[in-house]
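# A closer look at the structure
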Amino acid sequence: MSTTQDAPAREVGRDRRRKEDQRLITGRTRWTDNIQLPGMLHLAMVRSPFAHARITSIDTTAAKAAPNVVDVFTGREVADVQGVIANAWPLSDEQKTPDHAPMPAERVSFAGEIVAVVVARTAAEARDAAELVEVDYEELPVVVDLKEAAEDKVLAHPDLGTNVSAVWTLDSEEGGTGGNVDEAIEAARADGIVIEREYRQQRLIPAFMEPRSTVVDPTGEQYVVWSATQIPHIARFLLAATTGTPESKIRYVAPDVGGGFGGKLQTTPEEWLTFLAAKRTGKPTKYTETRSESLMAAHHGRDQWQRLTLAAGKDGRVTGLKVDLLADLGSYVGIVGGGVPVLGAWMFNAIYKWDAYRFTTTNVLTNKAWVDAYRGAGRPEATYAIERLMDELAAEVGKDPLEVREMNWIKHEEFPFTTVAGMTYDSGNYEAATARAKELFGYDELRAEQQRRRDSGDPVQLGIGVSTFTEMCGLAPSRVLGSLNYGAGGWEHAEIRMLPTGKVEVITGTSPHGQGHETAWSQIVADRLGVPFEDVEVLHGDTQVSVRGLDTYGSRSLVVGGEALVLAADKVVERAKPIAAHLLEASPDDLEFTGGRLQVRGTDKGVTIQEVATAAWAAHDLPDGVEPNLDASATYDPVNFSFPHGTHLCAIEVDTETGGVKMRKYVAVDDIGNIINPLIVAGQVHGGLVQGISQALWEEATYDDNGTLVSGSFVDYLLPTAADTISFDIDHTTSPSTTNTLGTKGVGEAGTIASTPAVVNAVVDAVRHLGVRDIQMPCTPERVWRAVNSGSSGGATTEAAAPHFDASTGMSGTVDRAEGDVQ
């Protein structure tokens, strides 16, 4: 027994350098490609150069005769045993879902699809032999353009009879959360403003740092699969379910994973084929993609056309919004696939309140790499659209963009608030975040400078962009997901083991790939159990160790996985109480737990929880019927999503003579609830900002008319470096979540969601007085220059005129005022 002692300093809310960093920066990591096993074989993939073609013949004779080649196989040879790549979120029973074999037997549907696998003793020998595989193709018509695909003139999968995979609608009138949006629009045409716009969400490539890699060892009692994945638990389940291999015979391990951004939230043909090769040869096998393969054949993100109709009063108060999306799924429906645009359905209303809303997405198949989750997954697309529209509305009514937002947003005293889309936001304070952002930004001063530049005709104009956003995090609850036909739940699992030495092992079902879970989870548990931070070890990413879990994506790890930790830690304390009471010769009801000590109330008599763990293990003097350990586990299924929000302000200088764009200042004030580790949060925000800004200014995956990816290297797919960005000013306001114990909301995607519209709004704002209403992303110097020199009003016309779209500038839209003025 111990006497009163100082409790460990509080960890939650403290800057802590990540435990993970030491091994990451000193080269002591275990990336999947670093794994070497005795007798290991290597795979090379033979990929189709055509986007759509029938496979007429494959000759593997020369490849099989090449030095040290062990096996060569094709889709026809393994059609019955290779399994399938599953879609976990069919939107309806009527959804058209093409069969997705890891390696097709008869027909390829995008350039880069695998048609043969070579297995050799070294990776170089496998690649050399792959060059010897001769494939004859009969080219088929290709559909690449999303709008053309929706017309069904050329079919990406002729056997389906259509390119439309699914149509899904959310209607406020049907759901009982609002009125009829068509009536709201007609009323605004008669006595208000109707703004119609069409925005393009270009196709993006996740471009994670570590290429995907898989190692499979079939030599023991289990198949051990190491994979650079975000989802080891889900992948294990799907591998078993689709290949007929007992789940108990598969151990899935996600070792150190070098980023994902949703791009590794996938079960891939390469994983399945590496598993199959190990089965066929009985030897350990490895496949690691090249960067070119990653850009070409890993799934892509975004790729939508957004048609929007916003109704408002003449004062700028919004009365309704109608959203019609065309969403490109690419060649197949991925693991989340068609659900990605649906995730945005509840976010087009953002932080605003109005009376009527309808969202419809038409998901379309094309002959391109398939599209799935990419950082934010549906929410950046929705936020971009509504934040661009709010700027357009402000311009039409002649008010400051922040003033229009404020008159439409939910006030802090109105929480909890049920939105027109049916979501109940539990907490928020948009006023506080905006006030702080304006203060840091120097908003009024920059507006004054902007006016001076306009008055003087300065060739370098200043634009100010606004983005006031919210998002839904913590993919949950399970019953809600079930009602949406989603194939999994939204729960998360955690286990805490109190070791005899007093150290603590935390086993989590989340699977980090750069988020800092080992550090943040240690802080949570250290505080909850009152043990030193250094005494906590976090284990993850191995289904043999972490038996239950639903992994990491959608900013769910903290708000769902963190709550599971809290529940498990509280159970540990409860298990400790009867043992501590017995040791102290007291009643459990007389004990209080604080600072890691179980103490008799009103005295200094107590024991630390670590001392209790040692006594439990020794089991020399335990109460009858008490087990000799304090270990506990818990599963948490959220009652609601969480809703972080924030205000982002961006100042951009635009050279009207060259189209050059230069960022001057960027301020982000986010409300993510209570913060566990500010240092980790800062890293997440900064990284997210760069990705969102990059969509606005630089990134775009492009295909030619034949379906060939022409941005297939980092020479052509432009990613920013540190030299291309500026230092960001970030801060936080706090309105804790009321639906979880920790009061957290999630931060991993916030920067990406908010920054893209802030930047584009700034670029457009800089040249709006020159007649520019929109510039298609990315806002390259050429596109900006063309927009300025065309003097386009964005295609704005009276109601009777047809909307116009100029592919060179990406400008489209109409504005209809009740009095019929051309704007």
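So, a few notes on the structure that sits alongside this text. (Residues numbered from 1 in each chain as written. Predicted model: local features only at pLDDT ≥ 70, side-chain atom pairs only at ≥ 80, totals over all residues. Heavy atoms only, no water.)

If you walk across this open sheet you meet the 3 strands as β4-β2-β6, and the pairing is antiparallel. With partners counted over all chains shown, the strands left at the sheet margins are β4 (107-108) and β6 (134-139), one partner each. As paired elements, strand β2 (residues 53-59) and β6 share 6 bridges and run antiparallel to each other. Across the sheet, residue alanine 53 finds its bridge partner in β6, namely glutamate 139. (Pairing = 2+ DSSP bridges. Helix = DSSP H or I, 4+ residues; strand = E, 2+ residues; numbered from the N terminus.)

Turning next to the pattern of salt bridges. Under the definition given, this model contains 61 salt bridges. Between aspartate 256 and arginine 23 there is a salt bridge, with the nearest N and O atoms lying 2.8 Å from each other. Residue aspartate 256 is located in the loop between β11 (250-253) and α9 (269-281), and its partner arginine 23 is located in helix α1 (residues 21-25); the two are separated by 233 residues in the primary sequence. A salt bridge links arginine 379 to glutamate 749, with the shortest nitrogen-to-oxygen separation between them at 3.0 Å. Taken together, the positions of arginine 379 in helix α12 (residues 379-397) and glutamate 749 in the loop between β28 (729-732) and α21 (750-767) put the pair 370 residues apart, joining distant regions of the chain. Classification of glutamate 749 as buried rests on a relative accessible area of 7%. (Salt bridge = Lys/Arg side-chain N within 4 Å of Asp/Glu carboxyl O. Buried < 20%, exposed > 50% of the residue type's maximum accessible area, 1.4 Å probe, protein only.)

This part covers the nonpolar core. If you look at the biggest cluster of nonpolar residues, it comprises 108 residues, and the most contacted ones within it are Trp346, Phe348, Tyr357 and Tyr666. The element that contributes the greatest number of residues to this core is α12, accounting for 9 residues. The residues touching phenylalanine 348, leaving out its near neighbours within four places in the chain, are Gln306, Leu308, Leu321, Val323, Leu325, Trp354, Tyr357, Phe359, Glu381, Ala382, Ala385 and Ile386. If you look at the next biggest cluster of nonpolar residues, it comprises 46 residues, including Val531, Val560, Leu565 and Ala581. (Core = buried A, V, L, I, M, F, W, Y, C linked by side-chain atoms within 4.5 Å. Contact = heavy atoms within 4.5 Å.)

Reading across the sheet, the 4 strands line up as β21-β20-β19-β25 and stay open at both edges, with mixed pairing between neighbours. With one partner strand each, in any of the chains shown, β21 (536-539) and β25 (632-636) form the two edges of the open sheet. For this sheet the average axis-to-axis angle between neighbouring strands, irrespective of direction, equals 20°. Inspection of the sheet shows strand β20 (residues 504-508) paired to β21 by 4 bridges, in the parallel sense. In the sheet register, valine 504 faces β21, and the bridge partner there is valine 536. Sitting on the sheet, helix α17 (residues 517-529) is in contact with β19 (492-498), β20 and β21, with an inclination near 130° to β21. (Axes fitted to C-alpha atoms, helices over the stretch in contact; angles between N-to-C directions.)

On to α9, then. Between its first and last C-alpha atoms α9 spans 18 Å; for 13 residues at 1.5 Å apiece the expected length is 18 Å, and the two agree. Among the 13 residues of α9, 10 are classified as buried, and the element is accordingly described as predominantly covered. Positive phi appears at glycine 282, one or two residues downstream of α9, with a value of about 70°. (Expected span 1.5 Å × (residues − 1).)

Turning our eyes to something else, we now look at the packing of α12 against α21. Put simply, α12 and α21 touch, their axes get as near as 8 Å, and they point 30° apart. With respect to α21, the element α12 is oriented roughly parallel. In this structure, α12 meets α21 at a crossing whose hand is right-handed. For the pair formed by α12 and α21, the contact residues are Arg379, Pro380, Thr383, Tyr384, Glu387, Arg388 and Asp391 on the first element and Ile753, Thr756, Pro757, Val760, Asn761 and Val764 on the second. Taken together, the residues of the contact of α12 with α21 break down into 6 nonpolar, 3 polar and 4 charged. (Parallel < 35°, antiparallel > 145°, perpendicular 65-115°, else oblique. Left-handed = near helix turned anticlockwise from the far one by under 90°. Nonpolar A, V, L, I, M, F, W, Y, C, P; charged D, E, K, R; others polar.)

Moving on, we get to unusual backbone geometry. Looking along the chain, the bond that leaves phenylalanine 415 and enters proline 416 is cis, with omega of -5°. Cis peptide bonds are those with omega within 30 degrees of zero, and the linkage from methionine 777 to proline 778 qualifies with -10°. Inspection of the secondary structure assignment puts proline 778 in the loop between α21 and α22 (781-790). The residue alanine 207 is not glycine, and still its phi comes out positive at about 55°. Structurally, alanine 207 can be placed in the loop between β8 (193-204) and β9 (213-217). Classification of alanine 207 as buried rests on a relative accessible area of 16%. A positive phi is found at alanine 619, a non-glycine position, where the angle reads about 60°. Checked against the element boundaries, alanine 619 lands in the loop between α19 (609-618) and β25. Residue alanine 619 is classed as partly exposed on the basis of its relative accessible area of 37%.

Where helix α8 (residues 232-243) meets α9, the axes come as close as 12 Å, and the angle between the chain directions of the two elements is 60°. The pairing of α8 with α9 is recorded here as oblique in orientation. The handedness of the crossing between α8 and α9 comes out as right-handed. Along its contact with α8, which presents Ala235, Leu238, Leu239, Thr242 and Thr243, the element α9 presents Trp272, Phe275 and Lys279. Of the residues belonging to the contact of α8 with α9, the class tally is 5 nonpolar, 2 polar and 1 charged.

Take α21 next. Along its 18 residues, α21 runs 27 Å from first to last C-alpha, staying within 8% of the 26 Å computed at 1.5 Å per residue. Counted residue by residue, α21 has 18 buried out of 18 residues, so it is predominantly covered.

The subject of this paragraph is the packing of aromatic side chains. In total, this model carries 15 aromatic pairs according to the counting rule given. With centroids separated by 5.2 Å and ring planes inclined at 70°, the aromatic side chains of phenylalanine 50 and tyrosine 137 adopt a geometry described as edge-to-face. Of the two residues, phenylalanine 50 sits in the loop between β1 (41-47) and β2 while tyrosine 137 sits in strand β6, which places them 87 residues apart along the sequence. Both rings, one in tryptophan 168 and one in tryptophan 346, keep their centres 5.7 Å apart while their planes meet at 65°; by these two values the pair is edge-to-face. In this pair, tryptophan 168 sits in strand β7 (residues 164-171) while tryptophan 346 sits in the loop between α11 (339-343) and β15 (356-365), placing the two residues 178 residues apart along the sequence. Taken individually, tryptophan 168 and tryptophan 346 each receive the classification buried, so the pair is uniform in this respect. Pairwise contacts between aromatic rings join Trp168, Trp346, Phe348 and Phe359 into one cluster. (Phe/Tyr/Trp six-rings, centres within 6.5 Å; stacked < 30°, edge-to-face > 60°.)

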